[in-house]
Every structure is written in structure tokens, then in C-alpha cells.
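Each chain, written out:
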Amino acid sequence: TNEQPLTLSLSLRVRQEGVSMSTRQLELPLDGWEYVGEGRAHVVVRHPDALCGRVLRFSKTRDGHPGINANVTFVRDLVTPIVGAELLGSWEYIRVPPVTAGRILAEVDDVRPAGRRREIDTESLLEVAMLLPDWRIPMRAQRLGVDRRSMVLPSITVELKPKCGYPSVLDADGSLIPKCRHCLHQPTKVASGKWASLSRFCPVDLFSNHRPRVERAVRGLIQTPQNNLRVFSGLSTVYSDGIGDTDTMADEIARILTLSERPPCPAELEANETVVAVGAQGADRLGLLAEVVTETLLAHRVLPKVLELQRLGTNDSRAVAELLERFVPVDCESVDEAVWGDGVSSSDGSPKDTLQRFMSAMVGKDVSIMLNITPVASPMLPDDSDSSSTFHYVARASILDFDLKRMSKAIKYADVDRELAQDWSSSRGEPDKPS
């Protein structure tokens, strides 16, 4: 009945020490769920009592997903050695019958964006969901065990999608176009009505590792968030595309970032935490946010690790698409099983290796970065009474959304690259060349 909790069997655990199999019981109620957010492929919900500082992430459909085993292999053998376990955090897969997932998602349907509601096909939901930490909650509050306690630790969280951090699209002659994929895509998206104006954010600046350019990119994200930025105050979304405005968000975020009464800086930090310091004088409200985000990204060296993952594969998406069309699975039901079924191949340049590395790079270009920032007193002083010139924060960084796509996505990716190359050629007054 609806009054009875649902018992789910936990089948996979992915933690800092690696991927392991386990079985334990997890009881989830069928009501009391709250909406957190969603993207094109997933919906995230929370339960303030049952999940204790964690969230549940559902795939909207099984289509486009190569399978849990392939994803675990990918994260364990390719992502973790590059990114590091401390930035991946701790996450688990749980088995959820589609009818149950449908009930949970139906409860939050009224608060979901209207344009997103049609994207869930309850008849084809995956039978697993991902259970992972609610990164909006400061680590110390998570250790208290009840996420409502996070309110005693005022904090902000910034979720950003860094996109591809280098020029990667080839023209018809095979030469690299000197502009990143995100910026190449903007005129088409504005012309189609998806966005009202061009983005002021350039991923190449973000990945430059040069402080002024990184901060310029962050400011661009704040000014034109599109679907690449969300800002939270505590557990509430205060800014993203279609939610809030820069002035209201700036007032709320500045209120937290400039708190006069701050908790003491912890004597010991977690592996993915660091203390960042920002000058208290001179910055405007949005400038302070941009500076704190910039310092956090640079302190954790998040972006170089993501960039390394992005560069695993070739830039020649058309050659990969042609290779994929010739690739014949042997003793396998699908190309995805043939490519990932036996684990990660050695870097031998084989067709399987080429396809694995290209798909890995695609994932790297679509990850999200979560930054949780908590004001603290100066670690050098007993309180903040004499540190008015500098603000200190405990900043935590995490990387999310390491979801493999089906191999067929490579063909669509190549088609988009071809269109971007043609648009680029046309915009420069050159005749389109045959591809």
C-alpha cells in the first residue's frame, strides 16, 4: 500500500577505494519527495527524512544508456585514474522497479518545468537509480546525518557545466577551427529560439588556468547562465535560466558570502575540501561570487583533470562515425556490449580503443562541477574580529555526471560537427566544401 515503505536492494557501491559489490536493504517511503532539479537525461529528487543528506537520480529513459556494467567499468578504469576518487565522491546504484520510480517522479511532477514533463517515459525507465550525496549540504552538516541541519551552516552551491575546453571541431579540409564548440553552436541556438541571446561564456577561457580569464568565463556564466549554471542558497535554487534574476541572486549570495558571524574553520578538512581566501574590499556583489568560484576551481585543480579526460579521444568525429558504421560486434548483442563488455582496452589504436577513448572524451565534455562554499572564520585568528580585509571559505569541489552514452551518439555528434563546420565556413564568406 502507499502507507508502507518500499524496500530496495542495493547492488553496487562506488566509493573512494573503488567499485565493489554489496547487498544491503534501503527503505524508501513512497511520499514526501522533493524536486531538486533535472537536465536532458536525468531527474534528481530528495527525501528530507529517508535519505539523510543524499539525493536520488533517475534516468528519464533506458534509451541512450549502454548499461550499468559499462558505466562502472568506465568510471573505475578510465575516469578515476584521471580525475581522482576524492573529486568523484561516494555514490551507489540501487534497484528501483519502474512503476515505483514512476510513482516517486509523479509526486514531484507539478513543480517540474513544464517543458520537461513530457521527457519521462514511465514505461521505459531504467530499473536502477543513482544514490549520491547532496552536494549542496556542507560536509560537516552531512556528517550530522540529517540534511535539515545544513541550515545551521549557511552556504552556497554553484553547479556549472564547463563544456569542451578547447577548439575541437574540424573543417571540411580537416583543419581545426579556431573556436570552441560551445561558441560555434551559439548562433544556431539563438536563431532556433532556444536562447534569447548569445552566451558570454567561453569554455576556453574557463580552462585556461589563467586567473583573469577563468574569472571572465565565470562572470560570463553568471551573466548568461543558459543551462550551464545553477546557484543555490542552502537547499534553494536562487538562480538559473528561468529562475531568479541577477540582482536578487546577488543580494542573497552576497548576504552569505559576507556574513560577519562565521563558524570556526575546521582543524581538519576532507580530501575534496580546501580553504580559499578572497579580499573583502573592492569587489561588487557578482564580482565577489565570481572571485570565490574562480579561486575554488583553481585551488582544487578541477579543470585540468576534466580537460585531460576530454582530450582522450580524437577530434575527428567524422572518422569515428565512419569507424562505428563499419564496426561489427562479434558474439555480442550490441555495439555497446562489444566495445565495453570486456573492460577498458589498452591504448593500442585498435577500433575498440579508438571508440572507447572517443566516447570517454564525449563524457568529459558533458560533466558537471559542483562547488559548495561555506563562510568560516579566519583559520589564523580565533574569530573574525580582526580579519575584515579578507573573507575565508571552506570550499568543496565534486565532479558529476559521468554517464556513458550509447555508441550511436557518436554519429549524431559527428553530424553536429559537420553542421558547425559548414556554418563556420559560410559565416566567413567561403563556399561550403564537400564533406
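See above for the structure.
Since this is a predicted model, take the numbers as computed values, not measurements.

A. Structural context of the overall build of the chain. Along the chain, the regular secondary structure elements total 14 helices and 13 strands. The proportion of buried residues among the 435 residues of the chain is 52%. Pairs at least 24 apart in sequence give 69% of the contacts found in the chain among residues at least 6 apart. Put simply, the chain shows about 19700 Å² of open surface, and 49% of that area lies on carbon and sulfur atoms.

B. View of the pattern of salt bridges. Applying the stated criterion across every chain yields a total of 25 salt bridges. A salt bridge links Arg112 to Asp109; its shortest N-O distance comes to 3.1 Å. Among the residues examined, Arg112 registers a relative accessible area of 3% and is labelled buried. The partly exposed category is assigned to Asp109, whose relative accessible area is 25%. Asp366 is the partner of Lys405 in a salt bridge, and the nearest nitrogen-oxygen pair spans 3.0 Å. Taken together, the residues Lys405 in the loop between strand S13 (390-400) and helix H14 (409-427) and Asp366 in the loop between helix H13 (351-364) and strand S12 (368-376) connect sequence positions 39 residues apart. Residue Asp366 is classed as partly exposed on the basis of its relative accessible area, which comes to 29%. Via salt bridges that share partners, Arg57, Lys161, Asp366, Asp401, Asp403 and Lys405 belong to a single interconnected network.

C. The environment of Ser260, seen in detail. Tracing the backbone through its elements, the reader meets Ser260 in the loop between helix H8 (246-257) and strand S11 (273-279). Along the chain, Ser260 and Ala377 lie 117 residues apart, while their C-alpha atoms are 8.9 Å from each other.

D. Main features of the sheet that holds S13. Read across the open sheet, the 6 strands follow the order S10-S9-S8-S12-S13-S11; overall the sheet is antiparallel. Of all the strands in the sheet, the pair left with one neighbour each is strand S10 (236-239) and S11. Taking each pair of neighbouring strands and ignoring which way they run, the sheet shows an average axis angle of 30°. Sheet analysis places strand S8 (residues 156-160) next to S12, joined by 5 bridges and oriented antiparallel. Opposite Ile156, over in S12, you have Ile373 as the bridge partner.

E. Local environment of the nonpolar core. One finds Leu160, Leu206, Leu297 and Phe402 to be the most contacted residues of the largest nonpolar core, which totals 86 residues. Looking at this core, the element that brings in the most residues is helix H1 (residues 68-83), giving 9 residues. Residues in contact with Phe402, not counting those within four places in the same chain, are Asn71, Phe74, Val75, Val79, Val83, Leu88, Leu309, Val363 and Val367. Residues Leu28, Val43, Ile94 and Val96 belong to the second largest nonpolar core, which totals 15 residues.

Rules of the game
Residues numbered from 1 in each chain as written. Predicted model: local features only at pLDDT ≥ 70, side-chain atom pairs only at ≥ 80, totals over all residues. Heavy atoms only, no water. Helix = DSSP H or I, 4+ residues; strand = E, 2+ residues; numbered from the N terminus. Buried < 20%, exposed > 50% of the residue type's maximum accessible area, 1.4 Å probe, protein only. Contact = heavy atoms within 4.5 Å. Areas by Shrake-Rupley, 256 points an atom, 1.4 Å probe, with all protein chains shown as cover. Salt bridge = Lys/Arg side-chain N within 4 Å of Asp/Glu carboxyl O. Pairing = 2+ DSSP bridges. Axes fitted to C-alpha atoms, helices over the stretch in contact; angles between N-to-C directions. Core = buried A, V, L, I, M, F, W, Y, C linked by side-chain atoms within 4.5 Å.

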